[in-house]
Amino acid sequence: MPIPPLYEGELTGTTRRFELTAQTGQAEILPGVITNTWGFNGSFLGPTLYMRRGETIEMTVRNNVTEPTVVHWHGLHLPAAADGGPALAFAPGESWSPTWTVDQAAATCWYHPHPHEVSALHAYRGLAGGIVIADDESDALDLPHAYGEDDIPVIITDAKFTEDNQLDETIDTTYGLLGTTPVINGITKPRFTATTRRIRLRLVNGATMRFHHLTLGVPFRVIATDQGLLDAPAEVDAILLSPGERAEILVELEPGKDLTLRSDGVPDNGGLEKGETANGFGLKDTFDLLTIVAPDESAPELGAVPGQLVSVEKPDATGATEREFRLNGFQINEQSMDMNRVDFVIDRPGIEVWRVTNENSDWPHNFHVHNARFMVDNADGSEMEFTAGWHDTVYVPPLSTLILLVDIGYYPDPMLAYMFHCHMLFHEDEGMMGQFVVAEPDQEVQLAGAHHH
Ligand code: C2O
Ligand code: CU
Ligand code: CU
């Protein structure tokens, strides 16, 4: 299995400098076949960025592709000027240099493009990579930490191929750009040969539309959700990742017993009414994604997994501002994305309570918030179980309402917005997205570059 290079940037004191170039190239996704692709600092996908809590990041992104684009750091808490929303897209030949301070717990995040109406296409062509955020607290835990040896990124994207083995960019008007061939770290059906009896997989669902209900044929432990470690490892038989979601899992390996990471179909059609629609969205599809070759007998026995990880407490939401988000078709609260409209302004730090409803009986949606983390407090109308801990993206099953306790990063800037949207990227591109601004209480909000019609 290819392991994306770990890119630690250039560290001077506590400032880490990165240079990313979005470029065109060619990659061997299918064995022996050359496909035109896009990537960061390479022909397909991108390196894994490494950064630590407390550091200042100085990023330069160059656009060497053929269309305007921009990069969003999914899961990071940072000023809107660094967030990489559609308003910040820049032309081929230009570059963009955002800066921010890492002020969040250790987590697996990712980066991908966010240009207006073509995010799915740019991500699909290969502009996506992982981000490892580390901190002292997680380093001190006895968990697999050796990148590429026992701490492995698993970036799941997908493709469908034309007859001449190029990426088929046909976008279905109902189901979007749903790849039929899963791609793991840039190739199909890789094999990873383990040298240790326990590995940590950093699973990133970077697919534009596809859900993955992941199994290994044996129980495994979830140690982290989108926004970092759980309070304790949770033993499960499967985990559902909707597009954009991440999880870190620990897998125990026994010599002679290879395992297969499988996408085994979303149970109960994900709550969709009709099997036919569930089929269209690929919810019933099954795939073998990755073979994990077990280590041999010489691999040393390991001690127990820590019973406690970090302290994760449900935030107190008394007196919190409440907001409502109704997902329906390609709209949220009966509105489509308008880069000149601000849906609401958040003028103080603290927890908010967001009620998110999927009003469709036969369509899946999920919900992602930029510059934020949230806990799922309660879910009405769904049998789904949500993993405890902090998320930034969550599945919202048909006809269900989730109550999210949302913690937004407070970086006031009255001129630039953050996004909330469905992370099924075809839905996002079709307008299923809105904007909020974080400002100081008496600041006048006026989006940079906004014009009135
Ligand atoms: Cu990963 Cu606005 O998204
Ligand atoms: Cu995001
Ligand atoms: Cu949606």
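None of these values were measured; they are calculated from a predicted model. (Residues numbered from 1 in each chain as written. Chains lettered and ligands numbered in written order. Predicted model: local features only at pLDDT ≥ 70, side-chain atom pairs only at ≥ 80, totals over all residues. Heavy atoms only, no water.)

(A) How the structure looks around the overall build of the protein chain. The secondary structure content of the protein chain amounts to five helices and 30 strands. In terms of C-alpha radius of gyration, the protein chain reaches 21 Å, essentially the compact-globule figure of 22 Å for 453 residues. The principal-axis extents of the C-alpha atoms in the protein chain amount to approximately 65 × 55 × 55 Å. Taking all 453 residues of the protein chain together, the buried fraction comes to 58%. Within the protein chain, contacts between residues at least 6 apart in sequence are counted, and of these 76% link residues at least 24 apart. A total accessible area of about 17400 Å² is found for the protein chain, and carbon and sulfur atoms account for 46% of it. Computed over 27 positive and 67 negative side-chain charges, the separation of the two mean positions in the protein chain equals 3 Å. (Helix = DSSP H or I, 4+ residues; strand = E, 2+ residues; numbered from the N terminus. Rg over C-alpha atoms; globule rule 2.2 N^0.38 Å. Buried < 20%, exposed > 50% of the residue type's maximum accessible area, 1.4 Å probe, protein only. Contact = heavy atoms within 4.5 Å. Areas by Shrake-Rupley, 256 points an atom, 1.4 Å probe, with all protein chains shown as cover. Lys, Arg positive; Asp, Glu negative; His and termini not counted. Charge placed at Lys NZ, Arg CZ, Asp CG, Glu CD.)

(B) Structural context of the coordination of the copper ion (ligand 3). At the metal site, the copper ion (ligand 3) is ligated by His365 (ND1), Cys422 (SG) and His427 (ND1), and these contacts range over 1.9 to 2.2 Å. Donor residues for the copper ion (ligand 3) sit on one chain with the sequence pattern H-x56-C-x4-H. With His365 in strand β25 (residues 365-369) and Cys422 in the loop between β29 (418-421) and α5 (425-429), this residue pair connects regions lying 57 residues apart in the sequence. One exposure class covers both His365 and Cys422, and it is buried. (Donors = N, O, S within 2.8 Å, 3.2 Å for Na, K, Ca; no water.)

(C) View of the side chain of His427. When you line up the elements, His427 lands in helix α5. The exposure class assigned to His427 is buried, which follows from its relative accessible area of 0%. The contact partners of His427, leaving out residues within four places of it in the chain, are Met209, Phe281, Phe330, Trp363, Pro364, His365, Cys422 and Met432.

(D) Focus on the sheet that holds strand β7 (residues 71-74). Strand order in the open sheet formed by five strands is β1-β5-β11-β10-β7, and the pairing between neighbours is mixed. At either margin of the open sheet sits one strand with a lone partner, and together these are β1 (6-7) and β7. The pairing of strand β5 (residues 48-52) with strand β11 (residues 129-134) spans four bridges and is classified as parallel. In the sheet register, Leu49 faces β11, and the bridge partner there is Ile131. (Pairing = 2+ DSSP bridges.)

(E) Representation of the coordination of the copper ion (ligand 2). The coordination sphere of the copper ion (ligand 2), as far as protein atoms go, consists of His72 (NE2) and His368 (NE2), spread over 1.9 Å. Of this pair, His72 sits in strand β7 while His368 sits in strand β25, placing them 296 residues apart in sequence. For His368, a relative accessible area of 1% puts it in the buried group.

(F) Geometry of unusual backbone geometry. The phi dihedral of Asp268 is positive, around 60°, even though this residue is not glycine. When you line up the elements, Asp268 lands in the loop between β19 (259-263) and α4 (275-280). Phi angles above zero are rare outside glycine, and Asn269 is one such case at about 55°. Within the element layout of this structure, Asn269 appears in the loop between β19 and α4. The buried category is assigned to Asn269, whose relative accessible area is 18%.

(G) Structural detail: the nonpolar core. Counting 67 residues, the largest nonpolar core has Met51, Trp73, Trp100, Trp354, Phe367 and Leu404 as its most contacted members. Here this core takes four residues from strand β28 (residues 401-408), the largest share from any one element. If sequence neighbours within four positions are ignored, Trp354 has contacts with Arg323, Phe325, Phe344, Ile346, Phe367, Val369, Leu402, Ile403, Leu404, Val406 and Ile408. Of all hydrophobic cores here, the second largest spans 26 residues; its members include Val154, Ile156, Phe192 and Leu203. (Core = buried A, V, L, I, M, F, W, Y, C linked by side-chain atoms within 4.5 Å.)

(H) Region of the structure containing the domain arrangement of the protein chain. Taken as a whole, the protein chain is organised into domain 1 (6-137), domain 2 (151-293) and domain 3 (322-438). Relative to domain 3, the C-alpha centre of domain 1 lies at a distance of 23 Å. With 26 residues of domain 1 at the contact, the number on the domain 3 side is 22 residues. Of the roughly 1800 Å² buried between domain 1 and domain 3, counting both surfaces, carbon and sulfur atoms make up 64%. Contact with domain 3 buries surface across domain 1, with His74, His77 and Ala80 losing the most and accounting together for 27% of the total. The interface formed by domain 1 and domain 3 includes zero salt bridges. Inspection of the region where domain 1 meets domain 3 yields 19 residue pairs in polar contact (both at pLDDT 80 or more). Among the secondary structure elements, those contributing two or more residues to the side of domain 1 that touches domain 3 are β7, α1 (80-83), β10 (107-113) and α2 (119-125). The element best represented in the side of domain 1 that touches domain 3 is α2, accounting for four residues. Residue composition of the side of domain 1 that touches domain 3, grouped by class: 14 nonpolar, nine polar and three charged. (Domains from an automatic or database assignment. Buried area = accessible area lost by both parts, 1.4 Å probe. Salt bridge = Lys/Arg side-chain N within 4 Å of Asp/Glu carboxyl O. Polar contact = N/O pair within 3.5 Å; in protein donor to acceptor, adjacent residues only side chain to side chain. Nonpolar A, V, L, I, M, F, W, Y, C, P; charged D, E, K, R; others polar.)

(I) Main features of the side chain of Asp413. Structurally, the position occupied by Asp413 is in the loop between β28 and β29. The side chain of Asp413 sits in the buried core without any salt bridge; Arg323 is the nearest counter-charge, 17 Å away. In terms of polar contacts, Asp413 uses its side chain to reach the backbone amide nitrogen of Met415, at 2.9 Å. Excluding its chain neighbours within four sequence positions, the residues that come into contact with Asp413 are Ala81, Val437, Val438 and Ala439.

(J) Geometry of the sheet that holds β28. As summarised here, the arrangement of the five strands in space is β22-β21-β24-β28-β26, forming an open sheet in which the pairing is mixed. Across the chains shown, the open sheet's two edge strands, defined by having one partner strand only, are β22 (331-332) and β26 (372-380). Strand direction decides the pairing type here: β26 and β28, joined by eight bridges, are antiparallel. Note on β28: the bridge partner recorded for Met375 is Leu405.

(K) Inspection of the environment of Arg373 at higher detail. As for its placement among the helices and strands, Arg373 is situated in strand β26. Sequence spacing of Arg373 and Gly389 is 16 residues, and the spatial spacing of their C-alpha atoms is 9.5 Å.

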